[in-house]
Amino acid sequence: MFVVIFGRPGCPYCVRAKQIADQLTEQKEDFKYKYVDIHAEGITKADLEKTVGKPVETVPQIFVDQKHVGGCTEFEQFVKDNSLLA
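Residues numbered from 1 in each chain as written. Predicted model: local features only at pLDDT ≥ 70, side-chain atom pairs only at ≥ 80, totals over all residues. Heavy atoms only, no water.

Draft legend 1. Main features of the sheet that holds strand E4 (residues 67–70). Read across the open sheet, the 4 strands follow the order E2-E1-E3-E4; overall the sheet is mixed. Of all the strands in the sheet, the pair left with one neighbour each is strand E2 (32–37) and E4. Recorded for the sheet is a direction-independent mean angle of 25° between the axes of neighbouring strands. Here 4 bridges tie strand E1 (residues 2–7) to strand E3 (residues 61–64), and the two strands are oriented antiparallel to one another. Note that in E3 the partner of Phe6 across the bridge is Gln61. Its contacts with the sheet put helix H1 (residues 12–27) on E1, E2 and E3, and the angle it makes with E2 is roughly 160°. Across the sheet, helix H3 (residues 45–52) touches E1, E3 and E4, and the angle it forms with E3 is around 30°. (Pairing = 2+ DSSP bridges. Helix = DSSP H or I, 4+ residues; strand = E, 2+ residues; numbered from the N terminus. Axes fitted to C-alpha atoms, helices over the stretch in contact; angles between N-to-C directions. Contact = heavy atoms within 4.5 Å.)

Written out as structure tokens, the structure is:
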């Protein structure tokens, strides 16, 4: 499983999403993730909207195996629904 988290510095939901991804990295051998700092990479809201395929109001925006799952809350639910964390 490969997850991409698009976030920005100082965002508590981005920090939480990274914490979950770090836990998954420790517990699952087949789990990898990449965090993309949208400010450092020069990614705009419009760029994110093109990637996501719909209007984007918040970060993080998270993709699991190239499928958009949503923000931190949706990612937490995905992890729970799929029993990914012990």
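Text resumes after the structure shown.
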